[in-house]
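Residue-level structural notes
Here's the letter readout for the chains.
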Amino acid sequence: MKKQFNLIELLVVIAIIGILGSLLLPALGQARDKSRQSVCANNQKQISVAFYTSSDDEDGHIYVSSSSALPTRSTYGYYLINNDYASAPIFRCPKTEGELSDNAWNSYGARYLHTAPYLMKISDYTSDDWLLGDSYQASSADAMFRMTNGTSTGYAWPHLMHSGKANFLFFDGHVEGLSSAYLKSQFNYSSVFSESGESF
């Protein structure tokens, strides 16, 4: 005759399953975040390839900003997509919700030049210079596709999307997760934003 579970034994099994679940869920969440961080870093590396490919047509320069004088280029993302250097999906961190706008207005924030024609000569920069990173739009006046060192209205801010760090692409093509302390001390940001949008 088969032994059947009594109520106490059933409750014990349910309790054990609950405890195991509570132990595993945080680990699964961390693994998911790590996976998304890797996808984000890979996106940025693909953008780097697109930038360098486009530089062949720009005499060693890359286009990083927007200008009403250059309507066919608009944002750097739109320029790279519109000229078939890259595809739209790589311009969004997988942890960012929503679709990319038609002109890539809400893409990763690229290093901004304040004067036309908004072209950077690659040879003027080193592996210590950042090119773009996870960005946050603090107000409607801030454009997510552009960032600048320090504090300035109209520009995006670093967004700590990945376990308290923001992915940043550098001119040599490598990607690093940068902390709040590093961004403030090395890039002179007065504020950075958490994943939930809190400024600190």
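Above this note sits the structure.
Residues numbered from 1 in each chain as written. Predicted model: local features only at pLDDT ≥ 70, side-chain atom pairs only at ≥ 80, totals over all residues. Heavy atoms only, no water.

Tallying each qualifying case throughout the model produces zero disulfides. Cys40 carries a free sulfur, and the closest cysteine sulfur to it, the one in Cys93, is 3.9 Å from it. Among the residues examined, Cys93 registers a relative accessible area of 4% and is labelled buried. (Disulfide = S-S within 2.5 Å. Buried < 20%, exposed > 50% of the residue type's maximum accessible area, 1.4 Å probe, protein only.)

Of the positions making up helix H3 (residues 180-187), those classed as buried are Ser180, Leu183 and Phe187. All buried residues of H3 fall inside an arc of 85 degrees around its axis, so they share one side. The secondary structure elements touched by the buried residues of H3 are strand E4 (130-133), strand E7 (157-160), strand E8 (165-170) and strand E9 (175-179). The first or second residue beyond H3 is Asn188, which carries a positive phi of 65 degrees. (Helix = DSSP H or I, 4+ residues; strand = E, 2+ residues; numbered from the N terminus. Arc of directions from axis to C-beta. Contact = heavy atoms within 4.5 Å.)

Bringing the pattern of salt bridges into the picture now. Enumeration according to the criterion identifies two salt bridges in this entry. In this structure, Glu195 engages Lys95 in a salt bridge whose closest nitrogen and oxygen atoms are separated by 3.1 Å. Here Lys95 lies in the loop between helix H2 (76-82) and strand E2 (109-111) and Glu195 lies in the segment after strand E10 (193-194), a separation of 100 residues in the sequence. Connected through salt bridges with shared partners, the residues Asp33, Lys95 and Glu195 form a single ionic network. (Salt bridge = Lys/Arg side-chain N within 4 Å of Asp/Glu carboxyl O.)

Here we take up the side chain of Asn167. Secondary-structure assignment places Asn167 in strand E8. Engagement of the side chain of Asn167 in a polar contact is seen with the backbone oxygen of Gln37, the distance being 3.2 Å. In this view, Asn167 contacts Gln37, Cys40, Ala41, Gln44, Leu132, Gly133, Asp134, His162, Val175, Glu176 and Gly177; residues no more than four positions away in its chain are not counted. (Polar contact = N/O pair within 3.5 Å; in protein donor to acceptor, adjacent residues only side chain to side chain.)

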